[in-house]
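Take a look at the letters that make up each chain.
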Amino acid sequence: MLKIKDLRVEIEDQEIIKGLNLEVKAGEVHAIMGPNGSGKSTLAAVLAGRDMFRVTGGKVLYNGEDLLEKSPEQRAKEGLFLGFQYPIEIPGVSMVNFLKTAVNELRKHRGQKPLSASDFLKMMREKKELVEIHSSLTNRSVNEGFSGGEKKKNEIFQMAMLEPRLAILDETDSGLDIDALRIVANGVNQLKSKETASIVITHYQRLLDYIIPDFVHVLYDGRLVKSGGKDLALLLEEKGYEWIKEEAES
Amino acid sequence: MSAVKDKKDIKGDFITIFRENRDRIDSGSAPLMNRFRGEALEHFRQLGLPSDKSEDYRYARIESLFDKDLAHSFSVNKVSFNILDIFNCDIPDLDTNLILLVNGKYYNPKKPLIELEGGIIAGSMAEAAAKMPDLVGKYYNSMAGESDDGLVAMNTAFSQDGVFIYMPEGAVLKKPLQVVNIMIHETDLMAQHRSLIIAEENSSAKLVVCDHTLSASSFLTNSVTEIHAAAGANFSLSKIQNEHNGSAQISHTFIKQKKESSVFTNTISLHGGFIRNNISARLDEEGCENNALGLYLTDKKQYIDNFVRIDHAMPGCQSNQLFKGVLDDQASGSFNGIILVRENAQKTNAYQANNNILLTDDARINSRPQLEIYADDVKCSHGSTVGQLDDNALFYMRSRGIPEREARLMMMYAFAYEVIGRIDVKPLRKRIDDLVNKRLRGELSRCNNCAMNCG
Ligand SMILES: Nc1ncnc2c1ncn2[C@@H]1O[C@H](COP(=O)(O)OP(=O)(O)O)[C@@H](O)[C@H]1O
Ligand SMILES: [Mg+2]
């Protein structure tokens, strides 16, 4: 589904991603871990199409097509979803209008008719239950005045509404209590199927108690320096990142 | 008709035009209005046109607007077609009382004044001045006459007609009144209408004014409106400016408020090459509330200039200025908001905000708050921002599949909605909402119909 080959990314003449390789197949869950500043968010943003980063080398194929030449909205329509580490507040744009536009753009892309107002509200209700999000939140402007936890749940809610094929979740678990964590994990697990895949970027292995990854990768200084199974996460939890750094630098 | 020929001496030309046409000007108006002309002309002679050196007209290049041959329609309107045929205003949900001004003159010879519920009278300014000189004489030119703006003096000297509204004590108008200003002429034309609104104690009414151009000639409008709100009166004025970009308009609105009265103005500027709006309110007794709102959505080479002055002359009043604008292409403009709190105007609450979004590097806005506060127990705030659309928010929306253009529109609309949302007539709010949406989408080019029926 996703093939990243020797990807290099710069911002302000500083190289952040320094030759990264990763393949994600349909049905898989990948976890990416790594110390702060290693480039996890940069990778996620480049995959979603943020143009402030400059790709200086490498290739990304998504379903066999060049992902990097597509606009962010095109990527989204083709099933890519990014759960933001820091979701953006958009004053004055209502959650309902925002999501309705997004859902109907997606439907248009798939050749489906736009949802009627009542069908859309019904869908919202169902998905809201799934993420246990407060009803009042969807009556507000996008993320405006949401608490940190609410913002994260809202990302999962949007993911549930948009039903992506490839979900990239950037530290959606950070700052969440155990209950919220379960909800986030539940959202990801609900989406899991033979046709979909997820990349879960996390700092803590505790999320991986709920989302069982097929692969765990360590991103350090712009490269995936180590890959393994679920056990690697446990090892990192126990021993920290120091040994990885030493290994990588030697 | 006569034309301005000499481009160098605009002031001298106007004085000549006045002399040559004095009889026609007088005969097309009312004795009460004519009485003020001589003095106003003298005043104009002293003041001249505001130059760009004038503090209050720093960015507005007024003189350049007069740098062309402009006809004046001093005689009765000779419109060779039935204006009501082209102007077919069917208003489904907004049920208004409709008044037409054509080239600055009241257009409905059969009914120059109409009487509405509660004894409210609306119609032609000239007719009201002729029929009710005592009532009109108490108010006419009482504020405008004190202005030191040469354009206001010019209006008083030249204006023959406009809109008159009288709301007797306790009268409540349920349907909003709608005034449609139509400019239509084969050659370039100048119009100077003059309006007077008298809201007596505890009366209440809402007025919607739409400005349109129905022919492609250049137009220049220099209009003056005086609004008197007596104790407890409640008056709301929504202006929708939608002339073509070859036209220029300067509007002067004077407001005087008595005890616990409330006045709301909302100025929505969509199309129009040059727009200058002066709003000057004096809160003259305790407990008044004034809300001055504005929204401008401009592009190409449009120029928009709002100049607001709120004078807190007495204690315990509240005022709120909120002007927001989105400027595209090479559009430029200025916002100038003055809050004056006089020495004894304690317990004043005065707020002002001007927020701008510039969509290109060439768009320009000068935002200038001016606070003059001479009392100590006051709450005042002002905020002025000039920025772009938030890139992070744009990316967030696009990452959900919303096309860039749509995302931009949604954000601009969200920005504008703060103003639209405060329009208190619901069907009017819906219509303006629609207009703004169309304007942002570039679908509102030229509107041959009244704003309430656009689209
Ligand atoms: N907008 C930016 N401008 C400049 N540097 C940036 C920007 N975004 C990220 N970086 C830099 O890129 C590096 C990687 O950041 P990031 O991808 O956010 O790491 P992570 O998500 O792994 O903590 C850091 O050194 C950070 O300072
Ligand atoms: Mg990060």
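Every value quoted in this text rests on a predicted model; they were computed, and no experiment measured them.

**Looking at the overall build of chain A**
- A tally of helices and strands in chain A yields 8 helices and 12 strands.
- Its C-alpha atoms give chain A a radius of gyration of 18 Å, within 12% of the compact-globule value 18 Å for 250 residues.
- Each principal axis of the C-alpha distribution contributes one length, and for chain A these read about 60 × 40 × 35 Å.
- When contacts within chain A are restricted to residue pairs at least 6 apart in sequence, long-range pairs at least 24 apart make up 70% of them.
- As presented, chain A carries roughly 11300 Å² of accessible surface, and 46% of it is formed by carbon and sulfur atoms.
- Separation of charge centres in chain A, based on 35 positive and 39 negative side chains, amounts to 5 Å.

**Comments concerning the sheet that holds strand 4 (residues 54–62) of chain A**
Residues and elements named next belong to chain A.
- The strand order 2-1-4-5 describes an open sheet built from 4 strands, whose pairing is antiparallel. A strand with exactly one partner marks an edge of an open sheet, and here the two such strands are strand 2 (14–24) and strand 5 (65–66).
- Relative to strand 5, strand 4 runs antiparallel, the two being bridged by 2 bridges. Counted as the bridge partner of Leu 61 is Asp 66 from strand 5.
- Helix 1 (residues 40–48) rests against strand 1 (2–11), strand 2 and strand 4 of the sheet, and its axis sits at about 110° to strand 1.

**Structural notes on the nonpolar core**
- Leu 2 and Leu 166 of chain A are the most contacted members of the largest nonpolar core, which has 108 residues in total.
- No other element matches the 11 residues that helix 10 (residues 404–420) of chain B contributes to this core.
- When residues of this core are assigned to domains, at least three fall in each of domain 1 (1–267 + 421–455) and domain 2 (293–388) of chain B.
- Once residues within four sequence positions are removed from consideration, Leu 166 of chain A is found in contact with Met 1, Leu 2, Val 24, Tyr 62, Gly 79, Leu 80, Phe 81, Ala 197, Ser 198 and Ile 199 of chain A.
- One finds Ile 99, Leu 173, Leu 237 and Phe 335 of chain B within the second-largest nonpolar core, a separate group that totals 44 residues.

**Details of the packing of aromatic side chains**
Residue and element names in this part refer to chain B.
- The tally for this structure, following the rule as stated, stands at 12 aromatic pairs over all chains.
- Ring centres 6.5 Å apart and planes at 70° place the aromatic pair Phe 14 and Phe 44 in the edge-to-face group. Placement of the pair is Phe 14 in helix 1 (residues 10–27) and Phe 44 in helix 3 (residues 37–47), with a sequence separation of 30 residues.
- In this structure Phe 44 comes out as buried when scored by relative accessible area, which is 0%.
- Members of the aromatic cluster, connected to one another through ring pairs, are Phe 14, Phe 18, Phe 44, Phe 66, Phe 74 and Phe 158.
- Directly above the aromatic system of Tyr 140 lies the positively charged group of Arg 194, at a separation of 4.7 Å from the ring centroid.
- Lying across the ring of Tyr 57, Arg 276 places its NZ or CZ 3.8 Å from the centre.

**Considering the domain arrangement of chain B**
Residues and elements named next belong to chain B.
- According to the domain assignment, chain B contains domain 1 (1–267 + 421–455) and domain 2 (293–388).
- Contacts between the two partners involve 14 residues from domain 1 and, on the opposite side, 16 residues from domain 2.
- With both sides pooled, the region where domain 1 packs onto domain 2 buries about 1500 Å², and carbon together with sulfur makes up 48% of that total.
- Looking only at domain 1, the three residues that lose the most surface to domain 2 are Tyr 59, Arg 422 and Arg 439, adding up to 39% of its buried area.
- Counting the contacts that link domain 1 with domain 2 gives 2 salt bridges.
- Salt-bridge contacts for Arg 439 lead to Asp 299; the nearest nitrogen and oxygen are separated by 3.0 Å.
- Run the count over domain 1 and domain 2 and you get 9 residue pairs in polar contact (both at pLDDT 80 or more).
- Of the residues forming the side of domain 1 that touches domain 2, the biggest block, 4 residues, is contributed by strand 14 (residues 262–271).

**Focus on the sheet that holds strand 9 (residues 166–170) of chain A**
Residue and element names in this part refer to chain A.
- The strand order 6-9-10-3-11-12 describes an open sheet built from 6 strands, whose pairing is mixed. One side of each edge strand has no neighbouring strand; the edge strands of this open sheet are strand 6 (80–83) and strand 12 (223–228). Along the sheet, successive strands turn relative to each other by an average axial angle of 20°, direction set aside.
- Across 4 bridges, strand 6 lies against strand 9 in parallel orientation. Following the sheet pairing, Gly 83 is matched in strand 9 by Leu 169.
- In the packing of helix 1 onto the sheet, contacts are made with strand 3 (29–33), strand 6, strand 9, strand 10 (197–201) and strand 11 (215–220), and the angle to strand 6 comes to roughly 145°.

Conventions used here
- Residues numbered from 1 in each chain as written.
- Chains lettered and ligands numbered in written order.
- Predicted model: local features only at pLDDT ≥ 70, side-chain atom pairs only at ≥ 80, totals over all residues.
- Heavy atoms only, no water.
- Helix = DSSP H or I, 4+ residues; strand = E, 2+ residues; numbered from the N terminus.
- Rg over C-alpha atoms; globule rule 2.2 N^0.38 Å.
- Contact = heavy atoms within 4.5 Å.
- Areas by Shrake-Rupley, 256 points an atom, 1.4 Å probe, with all protein chains shown as cover.
- Lys, Arg positive; Asp, Glu negative; His and termini not counted.
- Charge placed at Lys NZ, Arg CZ, Asp CG, Glu CD.
- Pairing = 2+ DSSP bridges.
- Axes fitted to C-alpha atoms, helices over the stretch in contact; angles between N-to-C directions.
- Core = buried A, V, L, I, M, F, W, Y, C linked by side-chain atoms within 4.5 Å.
- Buried < 20%, exposed > 50% of the residue type's maximum accessible area, 1.4 Å probe, protein only.
- Domains from an automatic or database assignment.
- Phe/Tyr/Trp six-rings, centres within 6.5 Å; stacked < 30°, edge-to-face > 60°.
- Lys NZ or Arg CZ within 6 Å of the ring centre and 35° of its normal.
- Buried area = accessible area lost by both parts, 1.4 Å probe.
- Salt bridge = Lys/Arg side-chain N within 4 Å of Asp/Glu carboxyl O.
- Polar contact = N/O pair within 3.5 Å; in protein donor to acceptor, adjacent residues only side chain to side chain.

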